Amino acid sequence: YQTIYIPFQNKEENINEMWNIYNNENFINESKNTITTSFISTLSIVDELVEILSSVFLYSGIFLCIFALLLLSNFISLSITNKTKEIGILRAIGARSLDVFKIFFSESFTIAIICLLLSTILSISISNIMNNLIAIELGVSIFVFGFISFIIMVLLAVLTTIIATYIPVRKAAKKKPVETIRAL
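Residues numbered from 1 in each chain as written. Predicted model: local features only at pLDDT ≥ 70, side-chain atom pairs only at ≥ 80, totals over all residues. Heavy atoms only, no water.

1. A word on the overall build of the protein
Applied cut-off: Elements are defined by DSSP. Helices are runs of H or I of four residues or more, strands are runs of E of two residues or more, and each kind is numbered from the N terminus. Whether a residue is buried, partly exposed or exposed follows from its accessible area with a 1.4 Å probe, protein chains only, as a fraction of its type maximum: under 20%, in between, or over 50%, in that order. Residues count as neighbours in contact if any of their non-hydrogen atoms are within 4.5 Å of one another. Accessibility throughout is a Shrake-Rupley quantity obtained with a 1.4 Å probe, and a residue counts as covered only by protein chains that appear here.
Assigned secondary structure in the protein consists of seven helices and zero strands. Going residue by residue from the N terminus, the α and β elements of the protein occur as α-α-α-α-α-α-α. Within the protein, the fraction of its 184 residues that count as buried is 25%. Expressed as a percentage of contacts within the protein between residues at least 6 apart in sequence, the contacts between residues at least 24 apart total 73%. Put simply, the protein shows about 13100 Å² of open surface, and 66% of that area lies on carbon and sulfur atoms.

2. Some details on helix H4 (residues 84-92)
Helical periodicity: at 3.6 residues per turn, an α-helix aligns residues three or four positions apart in one direction. Heads up, the condition is: Regarding the arc, it is the one traced by the directions from the helix axis to the C-beta atoms.
Taken together, the buried positions of H4 are occupied by Thr84, Ile87, Gly88 and Arg91. The arc that holds the buried residues of H4, viewed along the axis, is 100 degrees, so those residues lie on one side.

3. Description of the pattern of salt bridges
What counts is decided by this rule: The term salt bridge refers to a pairing of a side-chain nitrogen on Lys or Arg with a carboxyl oxygen on Asp or Glu at a separation within 4 Å.
As enumerated under the stated definition, the model contains two salt bridges in all. With a closest N to O distance of 3.5 Å, Lys83 and Glu107 form a salt bridge. Of the two residues, Lys83 sits in the loop between helix H3 (38-82) and H4 while Glu107 sits in helix H5 (residues 97-138), which places them 24 residues apart along the sequence. Where Asp99 meets Arg96, a salt bridge forms, and the shortest distance between an N and an O atom there is 3.4 Å.

4. A word on the confidence of the model for the protein
Filter applied, for reference: Summary of the metric used: pLDDT quantifies the predictor's per-residue confidence within the range 0 to 100.
Summing up the model confidence of the protein, the mean pLDDT is 78 and the portion of residues at 70 or higher is 77%. In the predicted structure, residues 28-35 sits below a pLDDT of 50 and forms 13 contacts with residues beyond four places in sequence or in another chain.

5. Some thoughts on the environment of Glu86
Mapped onto the secondary structure, Glu86 falls in helix H4. For the pair formed by Glu86 and Ile181, sequence separation is 95 residues and the distance between their alpha carbons is 8.6 Å.

6. Topic: helix H6 (residues 147-174)
Quick note on the threshold: Any helix carries an expected span of 1.5 Å times its number of residues minus one. Note that bend, as reported per residue, equals the angle between axes fitted to the 7 residues terminating at that residue and the 7 residues originating from it.
For H6, spanning 28 residues, the distance from its first C-alpha to its last is 40 Å, which sits close to the expected 40 Å at 1.5 Å a residue. Of all the bends in H6, the greatest, near 35 degrees, is centred on Tyr166, and the proline Pro168 appears no more than four residues after it. Taken together, the buried positions of H6 are occupied by Met153, Ala157, Thr160, Thr161, Ala164, Thr165, Pro168, Val169, Ala172 and Ala173.

7. What about the environment of Leu156?
Tracing the chain through its elements places Leu156 in helix H6. Through-space distance from the C-alpha of Leu156 to that of Cys65 is 7.8 Å; in sequence the pair is 91 residues apart.

8. A few points about a nonpolar patch on the surface
Stated precisely, the cut-off is as follows: In this analysis, a patch consists of residues with relative accessible area above 30% that form no salt bridge, clustered at 9 Å for like charges and at 5 Å for the nonpolar side chains Val, Leu, Ile, Met, Phe, Trp and Tyr.
On the surface, a cluster of nonpolar side chains totalling about 540 Å² of accessible area is made up of Leu58, Tyr59, Ile62, Ile66 and Leu70. Exposure remark for Leu70: the relative accessible area of 54% places this residue in the exposed category.

9. So, the packing of aromatic side chains
Stated formally: Only Phe, Tyr and Trp rings are paired, with Trp represented by its six-membered ring, and only when their centres lie within 6.5 Å; those with planes under 30 degrees apart are stacked, over 60 edge-to-face, the remainder tilted.
Tallied over the entire structure, the rule returns four aromatic pairs. Arranged with centres 6.0 Å apart and planes meeting at 15 degrees, the rings of Phe101 and Tyr166 form a pair that is stacked. In this pair, Phe101 sits in helix H5 while Tyr166 sits in helix H6, placing the two residues 65 residues apart along the sequence. Using a relative accessible area of 38% as the deciding quantity, one classes Tyr166 as partly exposed. Through successive ring pairs, a cluster of aromatic residues spans Phe101, Phe105, Phe109 and Tyr166.

10. As for the nonpolar core
Basically, it comes down to this: Residues enter a nonpolar core if they are buried and are Ala, Val, Leu, Ile, Met, Phe, Trp, Tyr or Cys, with the set joined through side-chain atoms within 4.5 Å.
Grouped together as the largest cluster of nonpolar side chains are twelve residues: Leu72, Ile76, Ile80, Ile87, Val100, Phe101, Phe104, Phe105, Ala164, Val169, Ala172 and Ala173. At the level of secondary structure, the elements contributing two or more residues to this core comprise H3, H5 and H6.

11. Brief notes about the side chain of Arg91
As for its placement among the helices and strands, Arg91 is situated in helix H4. If we skip the residues at most four places from it in the chain, Arg91 touches Arg96, Ser97, Val100, Ala173, Lys175 and Pro177.

12. So, the environment of Ser77
By secondary structure assignment, the location of Ser77 is in helix H3. Once the C-alpha coordinates of Ser77 and Val169 are considered, the two residues, 92 residues apart in sequence, prove to be 7.7 Å apart.

Pasting the structure below:
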């Protein structure tokens, strides 16, 4: 037999005992494929599901982060292009490159904060919906959106905003005021 199901009462101490059996090194190496219960079978399904979903979410997150970086960079570049005359005038009356940086960084951070709030709300909602769907099938919840997840999202938003804004703003801030005004 490939699988033998062992019935047991669904009590907390029995479930804890099954967790201990499942995590036991000898059990994993020698007899995981031969002796199992429906509980351990469910745990195996959850393990496989978590491994697959973690890979999918990691690569999706990387792709979306790069996509957001490109979109924000494009938006800031267009904003700089539309405000070239104002940048030249500001530089001509004594504004430093740092002042130009501050203007566009504040614009991008405002966009980033709005996106962060929306993505946090959406992430919490989707996590709850997915947990409810999986709980119906397997009786467990595997998606956790907590403080650490939020901190990671904040750090990624800040990093993406800085990278996306730095390159276009640096080009605009390096130009001399006379060149900027004459270019129009």
